[in-house]
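Descriptive structure summary
For reference, the chains in residue letters:
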Amino acid sequence: MATADPQVHDEHEHGEFIAHHFDNAEQQYDSGKLGIWVFLVTEVLFFSGLFVAYTLYRSHHPEIFDQAHVFLDKWLGGLNTVVLLFSSLTMALGVRYAQLGKNKLVAFFVLITMVCAAVFIGVKAIEYSHKWDQGILVSSAFNYTTVHAVPATAIGKALHISDYLVYLSAIPAILLVGFLIAAVGFTVGGKKILGIFCGCMAITAGGYFLGVVGAQVYMNVTDGGVGGSHASQPILLYAQEDHAADDQAGAVDDHGDANEEHSADDHGSQASHGPDPTKFVRDIGIFFSIYYCMTGLHAFHIIGGIIALAWILWRSLLGQWRSDYFGPVDYVGLYWHLVDLIWIFLFPMLYLID
Amino acid sequence: MGTTIKATPEIFGHAENNFFNASSGWKSWAFTLDHKRIGIMYLIGVTTALFLAGVFALVLRSHLWIANSEMLTPAMYNQMFTLHGAVMVFAFIIPSIPAALGNMVLPMMLGAKDVAFPRLNLMSFYLWVIGTGCLLYAILAGYGLDTGWTFYTPYSIETESGVIYATAGAFVLGFSSIFTGINFLVTVNTMRLPGQGWFKLPLFIWSLYATAIIQILATPVLGITLLLLISERLMSIGIFDPRYGGDPVLFQHFFWFYSHPAVYIMILPAMGVISELIAVYSQKRIFGYSFIAFSSVAIALLGFLVWGHHLFTSGQSLVVTLIFSAITFSVAIPSAVKVFNWLATMYKGSILLATPMCYALSFIFLFGIGGLTGLFLGALSTDIHLHDTYFVVAHFHFVMVGGTLTALLGGLFHWWPKMFGRMYNDMLGRVGCFLVFTGFNLTFFPQFVMGSRGMPRRYATYDPEYQIFHQWSTIGAFLLGIGILLAFAVLVYAAFKGPKVGGNPFKAASLEWQSSSPPDFHNFLHKPVMTDPYDFDAMVYDEDLDTYIHREFADPAKVPPRVEPIHH
Amino acid sequence: MADHHDHTSFAHPVSVKLLVTVFVALILLTILTVVSAGQLPRPFGLWVAMGIATVKAALVMLFFMHMFWDKPFNIMAFMSSLLFASLFISMTLMDTGHYQDTIDQFPREPVAQPAAPAQP
Ligand code: HEM
Ligand SMILES: [Cu+2]
């Protein structure tokens with residue numbers, strides 16, 4: 001109990017990184033760590049609602065999922081999976097070097113993580129813009145056409161890309177240019193660290209365009225771009241739908257009213273143009289509602305992650321991490337891995353439906 | 001540093017230098033990271049919400065004075081009860097005890113200088129401000145809101161009113177609540193005093209801990225629910241909309257997966273307050289400590305398994321309904337465990353009927369009725385009859401007002417001298433409590449009767465047969481309003497003009513009383529010493545300070561040395 | 001001041017070799033799941049895909065997220081989220097099947113105005 005031993009009451013040496021209400025570095029670290037784990041718990045439950053919606057519709061209306069998933073390209077999804085897994089590796093390496101107090105390496109690996117995140121967003125932008133072009137939208141607006149919309153904006157026409165892609169890319173383009181200018185300005189003005197930071201941010205914004213270009217090239221090669229009017233996946237759909245219709249006849253019967261009648265006469269023309277929208281099962285749009293909610297919320301978390309990583313990058317450039325103070329890198333890392341974890345499940349759930 | 005001194009007023013008595021005057025200027029409040037100041041700002045905030053929503057309630061009750069009243073149009077009536085419910089639930093009752101009282105005392109009960117994440121704490125408060133602002137914007141901008149606080153689809157998708165603003169507000173308020181939960185959970189885990197094991201914590205801490213578990217596990221689901229509803233309204237995604245194949249009852253599952261646990265967010269902290277009050281004002285070790293502690297956690301966990309009892313009449317399948325009904329009954333067990341333990345604590349205690357104790361006793365009575373009527377509603381056959389009648393309205397007001405609000409008032413009276421270093425007028429406090437108790441019963445007891453006779457809830461007009469009950473209820477509501485006003489008047493007067501008191505006027509034994517009143521900016525000027533929170537015999541009266549101190553400190557040689565706070 | 005805290009006691013740097021090994025395993029599993037998609041008979045495909053995803057998630061959690069070395073309480077806290085999420089899913093799923101007919105009969109908003117396939 002109470003003792004008058006003054007030693008006991010000496011404050012621990014309070015490094016400037018220890019907040020005043022903590023006794024020591026370890027207590028501070030443990031608190032932060034538990035805090036971030038608990039925050040991840042809230043994230044899991046936040047997403048859980050969407051998982052409920054998914055499970056529910058998939059189990060009650062499998063026919064919707066059978067028919068709709070072919071609009072998602074599993075190779076693009078797979079590419080994004082690999083990108084995210086790689087970013088998780090670099091993040092884990094960043095945490096490792098923060099624990100060793102090697103700030104330059106932390107900055108390096110965090111930068112790679114950010115670039116991967118941006119690539120991911122770039123690929124998603126391609127996926128989204130192509131779907132929007134073809135009217136593949138949430139249920140109330142779902143209005144699929146087999147042809148892509150003709151670009152109307154100047155950039156769209158010039159580059160032969162979707163208008164939606166032009167809109168989506170506006171902010172990354174502004175960021176890219178802005179950060180480039182800032183990087184040069186700061187470097188010339190002698191603010192070296194700020195210059196490097198802005199340079200890294202510009203590289204990250206560039207990552208977005210890396211993703212966009214890569215995915216667009218892939219789409220063009222597989223004939224799914226605006227240039228080619230017949231997307232590869234719809235052809236795939238058609239091939240598969242024929243036999244899906246057979247073993248599904250029972251399940252689809254009540255809803256898929258239009259299923260049989262049109263098939264005979266439309267068959268020839270559709271094979272080259274994608275699926276006949278009149279053959280869609282009822283409520284097919286709800287798949288895309290769920291798809292957009294899940295991937296949209298996830299993409300939002302990726303963007304949040306980039307912002308958090310930028311903060312870590314900045315502090316790494318200032319050289320703030322040491323072996324008894326690396327908590328923030330660890331916490332942001334955990335968040336980043338969770339975003340990856342969620343994608344690990346979203347990928348097979350949305351892209352790999354058999 | 002570290003020289004032995006005698007127990008001085010700065011350490012245990014009435015401190016002239018305290019967290020109120022540690023710094024000044026509006027910025028020292030607006031950007032404060034001090035949990036005590038944040039707690040006080042929260043208190044002002046939630047009380048404002050209480051009065052606002054209380055005014056809505058009085059308007060409603062006035063309207064219902066006669067059967068076919070034309071005071072409000074039916075549309076206005078709908079908006080009025082929605083705003084009353086939404087503001088009361090999301091902006092007042094959920095943050096009330098944890099964020100206002102909990103912020104004040106939780107770190108001090110642990111002997112800590114602050115919560116684990118002070119900035120998150122401040123952010124939680126500002127999110128509360130923003131969220132409440134959004135909720136109110138729905139009225140001020142003339143949109144109104146007429147869905148009821150439950151926002152059920154498909155009506156909430158179709159109505160023209162400001163559902164988006166209101167749900168955005170509730171969404172933000174949800175995050176405010178989550179941040180409080182994270183903060184408290186981590187603080188209790190990592191910032192206890194050395195030697196302060198889990199079973200040496202005051203029971204208020206246990207209940208706040210259990211509350212934090214619910215806030216963390218349930219509130220995110222509210223977030224996603226409201227986000228989906230907002231998307232539904234903005235672009236008709238169809239997940240809850242049968243016109244596109246969506247499932248409107250799914251919304252009810254989503255909503256109650258949060259909102260049933262949320263009723264325990266409201267009641268658990270109240271139970272924690274009552275555990276403290278009963279022990280202190282009976283001057284007796286709390287009976288069945290570990291039962292009360294574990295029943296909080298049991299309630300928190302079981303609370304996740306019963307949400308379907310709100311869907312008994314929504315077309316829920318029979319099997320699921322049966323399961324939910326059975327589990328609903330089991331939740332009553334841990335609640336009853338607490339009540340029995342409180343009663344056993346009072347048995348042969350030296351009961352002091354001070355204002356806080358009066359509130360504690362009302363709580364036991366009112367919560368008892370509220371909880372027991374919950375069982376009627378949890379039973380399938382009776383619920384079919386009682387669902388959506390005034391019986392349900394009376395049930396939840398007994399637990400939310402009779403339970404939570406009563407406990408909040410009791411807690412405020414108990415900790416007020418600690419927060420402000422001044423004493424209130426005990427007689428007037430008791431009068432206020434009496435008015436609250438009588439007014440409350442007069443308001444809501446008739447609602448049980450008319451509810452069981454078939455008076456449906458949320459109706460602007462009614463059959464004249466029920467008029468007499470409505471009139472009692474309206475009279476009671478005004479009485480209740482006067483009682484609450486009086487209670488707050490007594491408190492506010494005391495904060496400025498009351499006689500000064502020392503650190504521990506009530507002979508309480510938990511750690512927050514081991515400081516001066518009002519506490520220092522750093523909470524304790526000495527290194528707090530772990531004591532038993534329910535060992536009242538260890539507290540002795542110190543004549544110099546005119547307050548109680550732990551007997552360890554009565555001997556000057558044992559007084560812990562004063563620690564100079566470190567400033568960065 | 002007597003310092004009983006080894007200042008680095010709470011840092012557990014994971015070796016580069018282990019991290020890279022885990023990454024390689026994750027990539028192999030990803031390839032496996034993409035390649036196996038659509039190859040297996042009806043209910044199995046789903047289970048295999050979800051099983052692989054679970055293994056991948058476990059690898060990320062154990063090594064990238066340091067769960068292998070973490071405090072038991074943190075692990076328990078995180079795992080509880082999965083427990084409650086599955087509770088939410090399973091109880092809801094148990095019920096909603098019951099009234100799907102009603103939803104199926106509900107008149108639909110005329111949405112997907114199917115555009116006729118364009119002729120080249
Ligand atoms: C002994 C424990 C309790 C049981 C068994 C219980 C049971 C029930 C049941 C079955 C209903 C649904 C009635 C219906 O709509 O037909 C209900 C409604 C409600 N209960 Fe309780 N309850 C209990 C405690 C509480 C507590 C502690 C609170 C809040 C502090 C609370 C707040 C509510 C609210 C707000 C509603 C109505 C929500 C609405 O429809 O607007 N209950 N309760
Ligand atoms: Cu309930």
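Residues numbered from 1 in each chain as written. Chains lettered and ligands numbered in written order. Predicted model: local features only at pLDDT ≥ 70, side-chain atom pairs only at ≥ 80, totals over all residues. Heavy atoms only, no water.

**Digging into the overall build of chain A**
Put simply, the rule is: Working definition: helices are DSSP H or I runs of at least four residues, strands are E runs of at least two. Numbering for both runs from the N terminus. Only protein chains enter the accessibility calculation, which uses a 1.4 Å probe; a residue is then buried when its area is under 20% of its type maximum, exposed when over 50%, and partly exposed in between. Throughout, a contact is declared for two residues whenever any of their heavy atoms are within 4.5 Å.
When helices and strands are tallied, chain A shows twelve helices and zero strands. When the helices and strands of chain A are listed from N to C terminus, the series reads α-α-α-α-α-α-α-α-α-α-α-α. Burial analysis of chain A (354 residues in total) assigns 61% to the buried set. The contacts of chain A with a sequence gap of at least 6 include a subset with a gap of at least 24, amounting to 78%.

**Some points on the interface of chain C and chain A**
Let me state the cut-off plainly: Take the accessible area each of two parts loses on contact, using a 1.4 Å probe, and add the two losses: that sum is the buried area. Salt bridges are defined by distance alone: a side-chain nitrogen of Lys or Arg within 4 Å of a carboxyl oxygen of Asp or Glu. Three categories are distinguished: nonpolar for Ala, Val, Leu, Ile, Met, Phe, Trp, Tyr, Cys and Pro, charged for Asp, Glu, Lys and Arg, and polar for the others, with Gly belonging to the last.
The interface is formed by 67 residues belonging to chain C together with 73 residues belonging to chain A. For the pair chain C and chain A, the two sides together bury roughly 6100 Å², of which 71% comes from carbon and sulfur. Our count for the contact surface shared by chain C and chain A stands at three salt bridges. Linking Lys71 of chain C and Asp30 of chain A is a salt bridge whose minimum nitrogen-to-oxygen distance equals 3.1 Å. Elements with a minimum of two residues in the side of chain C that touches chain A: helix 1 (16-36), helix 2 (42-64), helix 3 (72-96) and helix 4 (100-105) of chain C. With 13 residues, the top contributor of residues to the side of chain C that touches chain A is helix 3 of chain C. Here the side of chain C that touches chain A is composed, by residue class, of 41 nonpolar, 20 polar and six charged.

**Some points on the state of the cysteines**
For clarity, the cut-off: The disulfide criterion is simple: two cysteine sulfur atoms within 2.5 Å.
Enumeration according to the criterion identifies zero disulfides over all chains in this entry. Cys200 of chain A takes part in no disulfide bond, and the closest cysteine sulfur to it belongs to Cys198 of chain A, at a distance of 9.2 Å.

**Description of the coordination of the iron atom of ligand 1**
Formally: Distances up to 2.8 Å from the metal define which N, O and S atoms are donors, and 3.2 Å serves for Na, K and Ca; water is absent from the atom set, so sites may look incomplete.
Just one protein atom coordinates the iron atom of ligand 1, and that atom is His395 of chain B (NE2), at 2.1 Å. Tracing the sequence through the fold places His395 of chain B in helix 14 (residues 390-420).

**Description of the nonpolar core**
To keep it simple, the criterion reads: In this description, a nonpolar core means a group of buried Ala, Val, Leu, Ile, Met, Phe, Trp, Tyr and Cys residues linked to one another through side-chain atoms lying within 4.5 Å.
Counting 333 residues, the largest nonpolar core has Phe287 of chain A, Phe90, Ile239, Trp342 and Phe363 of chain B together with Phe78 of chain C as its most contacted members. Broken down by element, this core gets its largest block of residues, 23 residues, from helix 9 (residues 248-282) of chain B. Not counting residues up to four positions away in its chain, the partners in contact with Ile239 of chain B are Ala53, Tyr57, Ile286, Ser289, Ile290 and Cys293 of chain A together with Leu228, Glu232, Gly246, Asp247 and Leu250 of chain B. Among the nonpolar cores identified, the runner-up in size contains seven residues, and Ile11, Phe12, Leu545 and Phe553 of chain B belong to it.

**Quick look at the coordination of the copper ion (ligand 2)**
Four donors placed tetrahedrally about a metal ideally form angles of 109.5 degrees, and six donors placed octahedrally ideally form angles of 90 or 180 degrees. Residues and elements named next belong to chain B. The copper ion (ligand 2) binds to the protein through His260 (ND1), His309 (NE2) and His310 (NE2), with metal-donor distances spanning 1.8 to 2.1 Å. Motif for the copper ion (ligand 2), donor spacing along one chain: H-x48-H-H. If you look at the copper ion (ligand 2) and the iron atom of ligand 1, they sit 4.5 Å from each other. Separated by 50 residues along the polypeptide, His260 in helix 9 and His310 in the loop between helix 10 (289-302) and helix 11 (318-346) bring together distant segments of the chain. By relative accessible area, which is 22% here, His310 ends up partly exposed.

**Some points on the packing of helix 8 (residues 203-235) of chain B against helix 9 of chain B**
Residues and elements named next belong to chain B. Cut-off, in case you're wondering: Interaxial angle, 0 to 180 degrees, is taken between N-to-C directions of lines fitted to C-alpha atoms, where a helix line uses only the stretch in contact. Should an angle lie under 35 degrees it is considered roughly parallel, over 145 roughly antiparallel, and from 65 to 115 roughly perpendicular; all remaining angles are considered oblique. In this scheme the crossing of two helices becomes right-handed for a clockwise turn of the near helix relative to the far one and left-handed for an anticlockwise turn of less than a right angle.
Closest axis-to-axis distance for the helix 8/helix 9 pair is 8 Å, and the angle between their directions is 160 degrees. Between helix 8 and helix 9, the interaxial angle falls into the category roughly antiparallel. Crossing angle aside, the handedness with which helix 8 passes helix 9 is left-handed.

**Digging into the pairing of strand 2 (residues 547-550) of chain B**
Residues and elements named next belong to chain B. Operational definition: Only strands joined by at least two bridges in the DSSP assignment are considered to pair.
Both strand 1 (residues 539-542) and strand 2 contribute to a ladder of four bridges, which runs antiparallel. Following the sheet pairing, Asp542 is matched in strand 2 by Thr547. In this structure, the hairpin formed by strand 1 and strand 2 is closed by a connection of four residues, where Asp546 is found at a positive phi of approximately 55 degrees.

**Considerations on the domain arrangement of chain B**
Residue and element names in this part refer to chain B. Note the threshold: Where a domain begins and ends is set by an automatic assignment or by a domain database.
Under the domain assignment, chain B is made up of domain 1 (1-31 + 502-568) and domain 2 (32-501). Once you take the C-alpha centre of each, domain 1 and domain 2 turn out to be 33 Å apart. On the side of domain 2, 47 residues touch domain 1, which itself brings 40 residues to the contact. Taken as a group, Phe506, Glu512 and Tyr534 account for 23% of the area that domain 1 buries against domain 2, more than any other trio of residues on that side. Counting across the interface, domain 1 meets domain 2 through two salt bridges. A salt bridge links Lys500 to Glu16, with the shortest nitrogen-to-oxygen separation between them at 3.2 Å.

**Observations regarding the interface of chain B and chain C**
Frequently, the measure chosen for interface size is the accessible area removed from exposure when the parts meet. Note the cut-off: Throughout this description, a polar contact denotes any pair of N or O atoms lying within 3.5 Å of each other; where both atoms belong to protein, one of them has to be capable of donating a hydrogen while the other can accept it, and for residues adjacent in sequence the pair is counted only when both atoms sit in side chains.
If you look at the interface, chain B gives 26 residues, while chain C gives 20 residues. Across the interface of chain B and chain C, roughly 2000 Å² is buried in total on both sides, 76% from carbon and sulfur atoms. Inspection of the region where chain B meets chain C yields three residue pairs in polar contact (both at pLDDT 80 or more). At the level of secondary structure, the elements contributing two or more residues to the side of chain B that touches chain C comprise helix 8, helix 9 and helix 11 of chain B. Ranked by residues supplied to the side of chain B that touches chain C, first place goes to helix 9 of chain B with six residues. Tallied by class, the residues present in the side of chain B that touches chain C amount to 17 nonpolar, seven polar and two charged.

**Focus on the packing of aromatic side chains**
Residues and elements named next belong to chain B. Note the cut-off: We call Phe, Tyr and Trp rings a pair once their centres come within 6.5 Å, taking the six-membered ring for Trp, and we label the pair stacked below 30 degrees between planes, edge-to-face above 60, and tilted otherwise.
Taken as a whole and assessed by the stated rule, the structure comprises 87 aromatic pairs over all chains. With a centroid separation of 5.8 Å and an interplanar angle of 55 degrees, the aromatic rings of Phe257 and Phe304 are classed as tilted. Taken as a pair, Phe257 in helix 9 and Phe304 in the loop between helix 10 and helix 11 lie far apart in primary sequence, 47 residues in all. Grouping residues by exposure puts Phe257 and Phe304 together as buried. Seen in terms of ring centroids, Phe506 and Trp513 are 6.0 Å apart; in terms of plane orientation they differ by 75 degrees. Their pairing is edge-to-face. A relative accessible area of 12% places Phe506 in the buried class.

**Some thoughts on the pattern of salt bridges**
A side chain with one charge may pair with a side chain of the opposite charge, provided their charged atoms come close. Evaluation of the coordinates by the stated rule reveals twelve salt bridges over all chains. Asp283 of chain A is paired through a salt bridge with Arg108 of chain C; the nearest N and O atoms lie 2.8 Å apart. On the criterion of chain membership, the pair formed by Asp283 of chain A in the loop between helix 10 (263-270) and helix 11 (285-317) and Arg108 of chain C in the segment after helix 4 is interchain, its members lying in two chains. Within this structure, Lys33 and Asp330 of chain A together with Asp70 of chain C form a network of salt bridges that share partners.

**Topic: the site of ligand 1**
Residue and element names in this part refer to chain B. Where we set the bar: When we say a residue is near a molecule or strand, we mean one of its heavy atoms is within 4 Å of it.
Around ligand 1, a shell composed of 22 residues is seen, among which Trp149, Asp383, His387, His395 and Arg457 lie nearest. Within the side chain of His395, an N or O atom sits 2.9 Å from a nitrogen atom of ligand 1. A distance of 2.8 Å is found between an oxygen atom of ligand 1 and a side-chain nitrogen or oxygen belonging to Arg457. Taken together, the elements giving at least two residues each to the shell around ligand 1 come down to helix 9, helix 12 (355-378) and helix 14. Of the residues assigned to the shell around ligand 1, the class counts are twelve nonpolar, eight polar and two charged.

**Re a nonpolar patch on the surface**
Residues and elements named next belong to chain B. Note the following rule: Like-charged residues are merged into a patch within 9 Å and nonpolar side chains (Val, Leu, Ile, Met, Phe, Trp, Tyr) within 5 Å, provided each residue has over 30% relative accessible area and no salt bridge. Residue burial considers only the protein chains on display, and all accessible areas are found by Shrake-Rupley using a 1.4 Å probe.
A surface patch of nonpolar side chains, about 530 Å² in accessible area, is lined by Trp65, Ile66, Leu442, Ile468, Trp472 and Ile475. Considering each element in turn, the nonpolar patch owes the most residues, three residues, to helix 16 (residues 467-497). In this fold, Trp472 is placed in helix 16. The exposure class of Trp472 is partly exposed, given its relative accessible area of 41%.

**Focus: unusual backbone geometry**
With glycine set apart, most residues show a phi of negative sign, and most peptide bonds adopt trans. With an omega of 0 degrees, the peptide bond running from Thr153 of chain B to Pro154 of chain B counts as cis. One can find Pro154 of chain B in the loop between helix 5 (118-140) and helix 6 (155-158). With omega at -15 degrees, the peptide bond leading from Ser517 of chain B into Pro518 of chain B counts as cis. Within the chain, His160 of chain A stands out as a residue other than glycine whose phi angle is a positive 65 degrees. Tracing the backbone through its elements, the reader meets His160 of chain A in the loop between helix 6 (154-159) and helix 7 (163-188). Notably, His66 of chain C is not glycine yet its phi reads approximately 60 degrees, a positive angle. Tracing the backbone through its elements, the reader meets His66 of chain C in the loop between helix 2 and helix 3.

**What about the environment of Ile549 of chain B?**
Residues and elements named next belong to chain B. By the secondary structure assignment, Ile549 is in strand 2. On the basis of relative accessibility, which here comes to 2%, the residue Ile549 falls in the buried class. Contact partners of Ile549, with chain neighbours within four places excluded, come to Phe12, Ala538, Met539, Val540, Asp542 and Ala554.

**Considering the confidence of the model for chain A**
Parts of the prediction with low pLDDT should not have their coordinates interpreted in detail. All names here are of chain A. Heads up, the rule is: pLDDT measures how confident the predictor is about each residue, on a scale from 0 to 100.
Of all residues in chain A, 81% attain a pLDDT of 70 or more, and the chain-wide mean is 82. Predicted confidence is poor over residues 1-13, with pLDDT under 50, and the contacts of this stretch with residues over four places away or in other chains come to 30 contacts. Segment residues 225-273: pLDDT under 50, and 74 contacts once partners within four positions in sequence are set aside and those in other chains are kept.

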